[in-house]
Amino acid sequence: MSLNSHDPESVTQPLLSSSPSLRSVTNSTSQVAIVGSNVCPIESLDYEIAENHFFKQDWRSRTKIRIFQYVFMKWLLCFFIGVIVSLIGFANNLAVENLAGVKFVVTSNMMLARRFGMAFTVFSASNFVLTLFASLITAFISPAASGSGIPEVKAYLNGVDTPGIFSLRTLVVKIIGSITAVSSSLFVGKAGPMVHTGACVASLLGQGGSKKYGLTWKWLRLFRNDRDRRDLVTCGAAAGITAAFRSPVGGVLFALEEMASWWRSALLWRSFFTAAVVAIVLRAFIDYCFSGKCGLFGTGGLIMFDAYSANITYHLSDVPPVLALGIIGGVLGSFYNFLLDRVLRIYNFVNEKGIFYKISLACSISIFTSCLLFGLPWFASCLPCPSDTSEACPTIGRSGNYKKFQCPDNHYNDLASLIFNTNDDAIRNLFSRDTDFEFQHSSILIFFTTCFFLSIFSYGIVAPAGLFVPVIVTGASYGRFVGLLVGKRSSLNHGLYAVLGAASFLGGSMRMTVSLCVIILELTNNLLLLPLIMLVLLISKTVADAFNGNIYDLIMKAKGFPYLETHAEPYMRQLTVGDVVTGPLQLFQGIEKVGNVVHVLRNSRHNGFPVIDEPPLSESPVLYGLILRAHLVELLKKKSFSSSRVPQGSDSVKQFSAGDFAKKGSGNGDKIEDLDFTEEEMEMFVDLHPFTNASPYTVVETMSLAKALILFREVGLRHLLVIPKISSRSPVVGILTRHDFMPEHILGLHPQLIRSRWKRLRIKLPRSFKI
């Protein structure tokens, strides 16, 4: 049996990449990492508490005042996260509504003056400039701000540390880039970027600000460890969804169901408190916006689609169309995920050629989108304004259900009413009640097709872009189309069919149930639809699961994030942990020569090292514990050495404070390459015992790999020591890291499992396939 030769979670290229790469400060601009791509290495996070002698002594010395300060500051940080994220969410919505509002008002005025050529020029040019600006700041300032950000945050909460995703410049680019990208009429949303924004705010507050830009707050530096930051980032993700959809309970459930890999009751209370703060602050701004001082469109763009109907009733005859919506949503959702995955991989070939190609791709998508959006309404026939509408028809100078476009007086263009609005207002039009005769079949079908494909092609560009809102728009459009087909044979109005369609497409693409159900209920203010929404979500998720995974998991896999799933693959039960560890293993003695420590640290990228005691410190070789690379570097930095191989005990502990071993901010950790030692110091000794985690998680080498995976994920480990079954052997066999649980690594070591796996799935192997 071979031993563990490296600590792959610290190396490491994404699993789909065949070429190693050096660690960079930022993430790859590309939305995916495929074979041969040059992407940054990824490390794991230390969620496990290192219970060494120094840690225990520090906790014993803490007074009640310090413990109270710790608990109080955690709640205070949650309050700050809620306030800041709500302010950002309000400013985000307000900016989008005003930027897009100016564009649509100027274009509409030119259309009214019959200056169609100039209207198209203004419309396409403004979209082009906004898209160009978003792609430029993303490509040059923070490539990690590209895309939704939800896959990165989800991977972080799973234990994957992707460089640069929570930096201050990523936060700034995410906010500004999302505003300009959404305002440019691209079919992208701002919900995903808001989740990433909330996580960035939480991470920066948790580490006490940004040392790189001189924005540091010493009074916030109580949570300088991965474990506390994970809790704060979870609260930030919940706050992001709450700010995007004004859905506090849905935000908490979204963080629980989709984002977090680890949960406890205290975290539930803090995330709920954070979401409540966001909801209260947004409510205050909404009251102000009702006075009409917030923007050109609506009440400031804060999403709320009131589909409530006091007299709603549905009967058994309404169930078949609802079932059909669920099945359609599952099929379309899985097809949507399949196409998006393929398009992202194609875009990667373009993005890998350089920044010029990335920006050119974004601008090309913008030009194509502008031509399509401006040209399609010309194919829709003009409809006479209804006489019984409570809204002005046609709608001029603001958002509304009846856009005039090229039509004569007292007529409106139903397709333009959907296209020449922001995505939020398009959803509001589709969800609106008492508008069963507003849209034609052809217009809804054209709009659905446009949304479906444009949202796929728009996501992969180098700009902040979300998927939530485009998926809602697409689902609402085909839901409305089903309502048109059913007609008067159903007691549900067409707006409610649009709500159910959005739910089914969300379930088919994102595969969530509980959180989506609550988000939709809070969005639409219609509790009476609860049974039907639950039904379509369950059906669409079940149908879609038969084809592929949810959209965020597919993106994480394409990016190469070593994400640990909640379940173990069946072939993992055929293997033991001893079958997957690879060697050789790096060990330290309890009292080690400084030169040996320096040599190992400089010639390997391991992040955890077993510490063993041998005679005369013990009767036989015994595993004392595990010491982290960062702690070793700190010991060497302070030069707590002795001239002889004797235990130093409490003497060495007095030279350190708790802050010395706290986790530094992103990219601020000390490196062994920056330390210099004399020849005399290299011959001295360092006592590792007080700083070694004496109670690391260990498993015997005969434990099944599936069982070890569950332990590794549920506890949030970075290292899992494998000890021998027979005590006469070496005290440790190897170290299991995140990399050892990846299918690519396991099947690479045991290729005979590949064919059995394919046979179980009843997939025929291609003739060219070789094991």
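Just so it is clear, the model here is predicted, and its values are computed rather than measured.

How each quantity is defined
Residues numbered from 1 in each chain as written. Predicted model: local features only at pLDDT ≥ 70, side-chain atom pairs only at ≥ 80, totals over all residues. Heavy atoms only, no water. Helix = DSSP H or I, 4+ residues; strand = E, 2+ residues; numbered from the N terminus. Areas by Shrake-Rupley, 256 points an atom, 1.4 Å probe, with all protein chains shown as cover. Buried < 20%, exposed > 50% of the residue type's maximum accessible area, 1.4 Å probe, protein only. Pairing = 2+ DSSP bridges. Core = buried A, V, L, I, M, F, W, Y, C linked by side-chain atoms within 4.5 Å. Contact = heavy atoms within 4.5 Å. pLDDT = per-residue confidence, 0-100. Axes fitted to C-alpha atoms, helices over the stretch in contact; angles between N-to-C directions. Salt bridge = Lys/Arg side-chain N within 4 Å of Asp/Glu carboxyl O. Phe/Tyr/Trp six-rings, centres within 6.5 Å; stacked < 30°, edge-to-face > 60°. Lys NZ or Arg CZ within 6 Å of the ring centre and 35° of its normal. Patch = residues over 30% accessible without salt bridge, like charges linked within 9 Å, V, L, I, M, F, W, Y side chains within 5 Å.

J.: Looking at this structure, I do not really get the overall build of the protein chain. What am I missing?
T.: When helices and strands are tallied, the protein chain shows 26 helices and 14 strands. As displayed, the protein chain offers around 30,600 Å² of accessible surface, 62% of which is attributable to carbon and sulfur atoms.

J.: Whenever I open this one, the pairing of strand β9 (residues 608–613) confuses me. Can you help?
T.: The side chains of a regular strand alternate between the sheet's two faces. The buried fraction of β9 amounts to 6 of the 6 residues, a majority that puts the element mostly inside the structure. Residue alternation in β9 divides its side chains into two sets, G608, P610 and I612 and F609, V611 and D613, and both sets are buried. In this structure, strand β7 (residues 588–589) lies alongside β9, joined through 2 bridges in parallel fashion. Looking across to β9, one finds that F588 is bridged to V611. As judged from the 6 bridges shared by β9 and strand β10 (residues 622–628), these two strands associate in the antiparallel manner. Counted as the bridge partner of I612 is L623 from β10.

J.: So what exactly am I meant to see when it comes to the nonpolar core here?
T.: Proteins that are soluble and globular tend to have nonpolar side chains buried together. F245, F447, F468, M510 and I533 are the most contacted members of the largest nonpolar core, which has 136 residues in total. Residue contributions to this core peak at 14 residues, all from helix α2 (residues 64–112). Once residues within four sequence positions are removed from consideration, I533 is found in contact with V499, L500, A503, C517, I520 and L521. Listed in part, the 26 residues of the second largest apolar core include L717, L720, V733 and L747.

J.: What am I meant to see in the environment of I81 here?
T.: Note that I81 resides in helix α2. Overall, I81 belongs to the buried group, its relative accessible area being 0%. It is 6.5 Å that separates the C-alpha atoms of I81 and G236, two residues lying 155 residues apart in sequence. If we skip the residues at most four places from it in the chain, I81 touches V201, A202, L205, L232, G236, A239 and T274.

J.: Quick question: what am I supposed to make of the confidence of the model for the protein chain here?
T.: Reading fine detail from the predicted coordinates is not recommended where pLDDT is low. Taken over all residues, the pLDDT of the protein chain has a mean of 82, while the share at 70 or more is 85%. Segment residues 297–301 is flagged for pLDDT under 50; beyond a separation of four residues in sequence, or across chains, it makes 21 contacts in the model.

J.: I keep staring at the sheet that holds strand β12 (residues 698–700) and nothing clicks. Help me out?
T.: The pairing of strands in a sheet comes from backbone hydrogen bonds and takes either a parallel or an antiparallel form. Read from one edge to the other, the open sheet built from 3 strands follows the order β12-β13-β14, with strand pairing classed as mixed. In this open sheet, the two strands that pair with only one neighbour each are β12 and β14 (734–736). Put simply, the sheet's adjacent strands are angled 35° from each other on average, direction ignored. Against the sheet, helix α24 (residues 705–715) contacts β12, β13 (720–723) and β14, and its axis sits at roughly 145° relative to β13.

J.: Looking at this structure, how should I read the sheet that holds β10?
T.: Taken in spatial order, the 3 strands of this open sheet run β7-β9-β10, and their pairing is mixed. Taken across any chain shown, the strands that pair with only one partner, and hence form the sheet edges, are β7 and β10. Where helix α21 (residues 629–638) meets the sheet, its contacts fall on β7, β9 and β10, and the angle it forms with β10 comes to roughly 80°.

J.: How should the pattern of salt bridges be read in this particular structure?
T.: With the rule as written, the count across this model stands at 19 salt bridges. Here K74 makes a salt bridge to D228, at a shortest N to O gap of 2.9 Å. One end of the pair, K74, is in helix α2; the other, D228, is in helix α7 (residues 226–245), and 154 residues separate them in sequence. What you see here is one network of salt bridges that share partners, running through K74, D228, R230, D231 and R264.

J.: What exactly am I supposed to notice about α21 here?
T.: The α-helix winds at 3.6 residues per turn, so residues separated by three or four positions along the chain end up facing the same way. The element α21 is largely enclosed, with a buried count of 7 among its 10 residues. Among the residues of α21, those classed as buried are R629, H631, L632, V633, E634, L635 and L636.

J.: Mind showing me how you'd approach the packing of aromatic side chains here?
T.: By convention here, two paired aromatic rings are described through the distance between centres and the angle between planes. Per the stated rule, a full pass over the model turns up 30 aromatic pairs. On the numbers, 5.9 Å between centres and 15° between planes, the contact of F68 with F72 is stacked. Of the two residues, F68 and F72 both sit in helix α2, 4 residues apart, roughly one turn of that helix. Between the aromatic rings of F374 and F420, the centroid separation amounts to 6.1 Å while the plane-to-plane angle is 65°, which identifies the pairing as edge-to-face. One end of the pair, F374, is in helix α11 (residues 355–375); the other, F420, is in the loop between α12 (414–419) and α13 (423–431), with 46 residues separating them in the sequence. Grouping residues by exposure puts F374 and F420 together as buried. Of the aromatic side chains, those joined through ring pairs into one cluster are F104, F116, F120, F123, F374, W378, F405 and F420. Its guanidinium or amino end placed over the ring of F104, K103 lies 4.9 Å from that ring's centre, counting from NZ or CZ.

J.: I keep staring at a nonpolar patch on the surface and nothing clicks. Help me out?
T.: Together, W59, I67, V71, W75, V249, W269 and F272 make up an exposed nonpolar region whose accessible area comes to about 660 Å². Residue assignment for the nonpolar patch shows that the elements contributing at least two residues are α2 and α9 (265–289). Here the nonpolar patch takes 3 residues from α2, the largest share from any one element. With respect to the helices and strands, the residue V71 is situated in helix α2.

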